[in-house]
Amino acid sequence: MDSQLQTKEVKITFCGGTEGVTGANFLLEDENSQKPIKVLVDCGLFQGTSREEKMNLNKLPYNPVDIDIVFVTHGHMDHIGRLPLLIKNGFKGVIYSTPPTKEIAQIALLDAIGLMNKESRHNHNTDKGGEDNFVLYEEEHVDQLMTKWETVGYHEPMKAGDFDVVFRDSGHILGSAMVEFTYNSKKIVFTGDLGNSPAPLLKDTEKITDASYLIMESVYGDRNHEDRLERREKLEDVIEETMKHNGVLLIPAFSIERTQELLFEIENMMENSRIPLVPVFLDSPMAIKVTEIYRKHKDYLNKETNLIINRGDGIFKFPQFHETLSTEESKAIAESNSRKIIIAGSGMSNGGRIVHHEKKYLPDPKNTILLPGYQSVGTLGRLIQDGVKIIRIMGEEIPVNARVISVSGYSAHMDSDGLFDFVSNTAGTLKKVFAVMGEPKSSLFLVQRLRDYLGVDAVVPKFEETIKITL
Ligand SMILES: [Zn+2]
């Protein structure tokens, strides 16, 4: 049936998320059709250096009024963080994502507004004002956004002009999806972020075997991860060792996915009596809300996790586990020096409740801080990771005498070998791969590897470049 369709030429513009990891924003245009359409895949925030953050103030390279549909791959800020700007600038179309993505996005966007306001007040008070002083949008824009946002499950058919569209499970965080556009038996797949499968909670990333064009992430295009079993053993050892010395274990973690993975592993270790039964505090309002979304959407979790849930004891529910939502509850954690585990944000210690705990517990050599994620240059987490012995927290000098341990296996991203295998599954049908969402050296490394070993045409598109493809 499809084979009788006329070929067509469509345009893709790389409006963000290229020549860098963040700011994902891709425009797909089908102009010369009976049903012309302009769609976006993601509209994320540029994050990282202040130069990158300033890019969020740039005018969008399209008029939001003209956009018909936005497909959202997942709830991380670098994929959703500029969606309210579309609303602010007249967007009247519809947004589609999976149900968990919409719920995570609402929490993450409101949290981001809180942070932007706080930062703006801080800069104002410290005379840093001026151009660094920006609040991109307000709560009302997020509220309006939610009214235009429809939810669709994996594999449920959608339409965009002449295209059939489906979400496929990308295995990255709860509800994360690839977006697959089909016309004339040809497929364009936007991968969003791809997961580090097998993951403790999520199903594996779906295999793609019949794509013509891939617009794929390449964060870890040039690196592989630490072994998963190794990382679990390391976590177990660190907990045992710290508790043996009556210490406190601090874990700065990102609110989405990493926190839930850590909690799930700690819960399993306690239920199997592999570690001492000490109190575990989740001290982050955002992570507590996101954890509730994980509990709610068990259909989006893997078989093994569902077996555990169906055995009756649920997940993220064990006698030692405490969620401290209010500031009073959070402050009460520090009232005793007895042994415990504290998981709190932010993941790089550049703000959030973790810094209060760091101030109290880092000076004591009995305690340990476990860094389960990448710490970027310029963050407090990076200083701690680099072994700096005296750090500044809220204007005070704090000696770091606690043990500092890093584990790298907790990434939610597919590594270099995973990305290569992902492409090799569909190498037979591929016309071209566009490697995006990576630092240039990662993207270029992946592209070279795909060309050399799979004979696939692969490129790294430039920022705001438009390409034409024929379907
Ligand atoms: Zn992501």
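Please refer to the structure placed before this passage.
Engineer: Sorry, what's going on with the overall build of the protein here?
Structural biologist: A tally of regular secondary structure across the protein gives 14 helices and 22 strands. Here the C-alpha atoms of the protein give a radius of gyration of 23 Å, agreeing with the 23 Å that 2.2 N^0.38 yields for 471 residues. Projected onto its principal axes, the C-alpha coordinates of the protein cover approximately 70 × 50 × 40 Å. Across the 471 residues of the protein, 56% fall into the buried class. Long-range pairs, those at least 24 residues apart, make up 75% of the contacts in the protein between residues at least 6 apart in sequence. Accessible surface computed for the protein: about 20,200 Å², of which carbon and sulfur atoms make up 48%. Positive and negative side-chain charges of the protein, numbering 54 and 69 respectively, have mean locations separated by a distance of 1 Å.

Engineer: Before we go on, may I ask you to explain the packing of helix α13 (residues 416-424) against helix α14 (residues 440-454) in this structure?
Structural biologist: Pairs of packed helices are described in terms of their axes, by the angle between the two and the distance that separates them. Where α13 meets α14, the axes come as close as 11 Å, and the angle between the chain directions of the two elements is 45 degrees. Taken together, α13 and α14 sit at an angle that is classed as oblique. Seen from above, α13 lies across α14 with right-handed handedness. Contacts between α13 and α14 pair Ser 416, Asp 417, Leu 419, Phe 420, Val 423 and Ser 424 from the former with Phe 445, Leu 446, Arg 449, Leu 450, Tyr 453 and Leu 454 from the latter. Taken together, the residues that form the contact of α13 with α14 break down as eight nonpolar, two polar and two charged.

Engineer: Sorry, what's going on with the coordination of the zinc ion here?
Structural biologist: Geometry reference: four tetrahedral donors at a metal, ideal angle 109.5 degrees. Six octahedral donors, ideal angles 90 or 180 degrees. Protein-derived coordination of the zinc ion comes from His 74 (NE2), His 76 (ND1), His 172 (NE2) and Asp 193 (OD), at a distance range of 2.1 to 2.3 Å. Considering all four donor atoms around the zinc ion, angles at the metal cover 92 to 163 degrees and the coordination shape is irregular. Mapped onto the sequence, the donors of the zinc ion take the spacing H-x1-H-x95-H-x20-D. With His 74 in the loop between β4 (69-71) and α2 (77-80) and Asp 193 in the loop between β10 (186-190) and β11 (213-217), this pair connects stretches of sequence that are 119 residues apart.

Engineer: It is not clear to me how the sheet that holds strand β2 (residues 25-30) should be interpreted in this structure. Could you clarify?
Structural biologist: Working definition: the strands of a sheet are paired by backbone hydrogen bonds and lie parallel or antiparallel to each other. Read from one edge to the other, the open sheet built from seven strands follows the order β6-β5-β4-β3-β2-β1-β22, with strand pairing classed as mixed. Of all strands in the sheet, those bounded by a partner on one side alone are β6 (149-151) and β22 (466-470). Along the sheet, successive strands turn relative to each other by an average axial angle of 25 degrees, direction set aside. Of the pairings in the sheet, the one linking β2 to strand β3 (residues 37-41) comprises five bridges and is antiparallel in character. Bridge pairing links Phe 26 to Val 41 in β3.

Engineer: Quick question: what am I supposed to make of α14 here?
Structural biologist: Residues lying three or four places apart along an α-helix face the same way, a consequence of the helix completing one turn every 3.6 residues. Taking 1.5 Å of rise per residue, 15 residues should cover 21 Å, and α14 covers 21 Å from first to last C-alpha, within 8% of that figure. Looking only at α14, the buried set comprises Ser 442, Ser 443, Leu 446, Val 447, Arg 449 and Leu 450. End-on view of α14: buried residues confined to an arc of 160 degrees, all on one side of the axis. Of the residues in α14, the exposed ones pointing more than 90 degrees away from the buried face are Lys 441 and Asp 452. Where α14 terminates, the next one or two residues include Gly 455, which has phi positive at roughly 65 degrees.

Engineer: Even after reading the chapter, I still don't get the sheet that holds strand β21 (residues 458-459), so can you show me in this structure?
Structural biologist: Sheet architecture is open: seven strands sit in the order β7-β8-β9-β10-β11-β20-β21, paired in mixed fashion. With partners counted over all chains shown, the strands left at the sheet margins are β7 (158-160) and β21, one partner each. Where α13 meets the sheet, it contacts β9 (177-183), β11 and β20 (432-436), and its direction lies at approximately 170 degrees from that of β11.

Engineer: Explain unusual backbone geometry to me, please; I cannot follow it from the model alone.
Structural biologist: Peptide bonds are trans in most cases, and residues, glycine excluded, mostly fall at negative phi. A cis amide bond links Ser 197 to the next residue, Pro 198, at an omega of -5 degrees. With respect to the element layout, Pro 198 can be found in the loop between β10 and β11. Its identity as a non-glycine residue notwithstanding, Glu 19 has a phi of 60 degrees, on the positive side. Checked against the element boundaries, Glu 19 lands in the loop between β1 (9-16) and β2. In this structure Glu 19 comes out as partly exposed when scored by relative accessible area, which is 44%. Unlike most non-glycine residues, Glu 257 shows phi in positive territory, near 75 degrees. For Glu 257, the position within the fold is in the loop between β12 (248-252) and α7 (258-271). Residue Glu 257 is classed as buried on the basis of its relative accessible area, which comes to 2%.

The rules behind each value
Each chain carries its own residue numbering, running from 1 in the written order of its sequence. This being a predicted model, a pLDDT of at least 70 is required before a residue's local features are given, and a value of 80 or more before pairs of side-chain atoms are given or counted; all residues contribute to the totals for chains, interfaces and linings. Working from all heavy atoms in the structure, the side-chain values ignore hydrogens and water. Helix and strand assignments come from DSSP, with helices taken as H or I runs of at least 4 residues and strands as E runs of at least 2, each series counted from the N terminus. C-alpha atoms define the radius of gyration in this analysis, and the globule rule sets the expected value at 2.2 Å times the number of residues to the power 0.38. Exposed residues in this analysis have more than 50% of their type's maximum accessible area, buried residues have under 20%, and partly exposed residues fall in between, with area computed by a 1.4 Å probe over protein chains only. By the convention used here, residues are in contact when the closest approach between their heavy atoms is within 4.5 Å. Each accessible area value is a Shrake-Rupley result obtained with a 1.4 Å probe; residue values ignore everything except the protein chains displayed when judging cover. Counted as positive: Lys and Arg. Counted as negative: Asp and Glu. His and the chain ends are not counted at all. All charge positions are set by atom: Lys at NZ, Arg at CZ, Asp at CG, Glu at CD. To obtain each axis, a line is fitted to C-alpha atoms, and for helices this fit is confined to the stretch in contact; angles are then taken between N-to-C directions over 0 to 180 degrees. The scheme is simple: roughly parallel for angles under 35 degrees, roughly antiparallel for over 145, roughly perpendicular for 65 to 115, oblique for anything else. Left-handed describes a crossing in which the near helix is turned anticlockwise from the far one by less than a right angle; the clockwise case is right-handed. Three residue categories are used. Nonpolar comprises Ala, Val, Leu, Ile, Met, Phe, Trp, Tyr, Cys and Pro, charged comprises Asp, Glu, Lys and Arg, and polar comprises the others, including Gly. Coordination shells were defined by N, O and S atoms within 2.8 Å of each metal, extended to 3.2 Å for Na, K and Ca; water is absent from the atom set, which can make sites look incomplete. A four-donor site is classed as tetrahedral when every donor-metal-donor angle falls between 85 and 135 degrees; four donors are called square planar, and six octahedral, when trans pairs exceed 155 degrees and all remaining angles lie between 65 and 115, with any other arrangement labelled irregular. Paired strands, as defined in this entry, are two strands with at least two bridges between them according to DSSP. Any helix carries an expected span of 1.5 Å times its number of residues minus one. The arc in question is the one spanned by the directions pointing from the helix axis to the C-beta atoms.

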